[in-house]
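# Understanding the architecture of this molecule
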Amino acid sequence: SEARTAIAGRLGVAPGTLENIRRLRIKVIPNWLMNRVRSEFVSVLQSEIVRLEHEINIARQTGADHRDDVLASAETQLAKAKAILEGKP
């Protein structure tokens, strides 16, 4: 509910609109709203990529082993995020 309010504000719609979409009460999503959702998704994904790259670089600079679970997890998430942006499944 809190996230929906924040996201709705960034998209320029009422939180109830997002709730109605989530519950399939709205059958057709306007093109302008879908474009805003895509744009917001890409923006958040790019921010996550930057955050993960920073986290990986810090871990490597501090001498973390590449087999470390946290580092491996961050690298996997980074690869998945980049694949999504490139349009790969």
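Check the entry above for the structure.
Read on for a plain summary of the structure.

Each value, and the rule that gives it
Residues numbered from 1 in each chain as written. Predicted model: local features only at pLDDT ≥ 70, side-chain atom pairs only at ≥ 80, totals over all residues. Heavy atoms only, no water. Helix = DSSP H or I, 4+ residues; strand = E, 2+ residues; numbered from the N terminus. Rg over C-alpha atoms; globule rule 2.2 N^0.38 Å. Buried < 20%, exposed > 50% of the residue type's maximum accessible area, 1.4 Å probe, protein only. Contact = heavy atoms within 4.5 Å. Salt bridge = Lys/Arg side-chain N within 4 Å of Asp/Glu carboxyl O.

## Some points on the overall build of the chain
- For the chain, the count of helices and strands is four helices and zero strands.
- Going residue by residue from the N terminus, the α and β elements of the chain occur as α-α-α-α.
- Here the C-alpha radius of gyration of the chain, 17 Å, is well above what a compact globule of 89 residues would show, namely 12 Å.
- Its C-alpha atoms give the chain principal-axis dimensions of about 50 × 30 × 20 Å.
- When the 89 residues of the chain are sorted by exposure, 20% land in the buried category.
- Across the chain, every contact between residues at least 6 apart in sequence was considered, and the portion connecting residues at least 24 apart equals 38%.

## Section: the side chain of Glu-40
- Mapping Glu-40 onto the fold places it in helix H3 (residues 31-61).
- For Glu-40, a relative accessible area of 19% puts it in the buried group.
- Beyond its immediate stretch of four places on either side in the chain, Glu-40 contacts Arg-10 and Leu-11.

## Side note on the pattern of salt bridges
- The final tally for this structure, using the stated rule, is eight salt bridges.
- Note that Arg-4 and Glu-19 form a salt bridge whose closest N and O atoms lie 3.0 Å from each other. Within this pair, whereas Arg-4 is found in helix H1 (residues 2-11), its partner Glu-19 is found in helix H2 (residues 15-22), the two being separated by 15 residues in sequence.
- Looking at Glu-19, the relative accessible area reads 13%, which means it is buried.
- Close ionic contact of Arg-22 with Glu-19 constitutes a salt bridge, the shortest N to O distance being 3.0 Å. Of this pair, Arg-22 and Glu-19 both sit in helix H2, three residues apart, which is roughly one turn of the helix.
- Put simply, Arg-4, Glu-19, Arg-22 and Arg-23 are held in one network by salt bridges that share partners.

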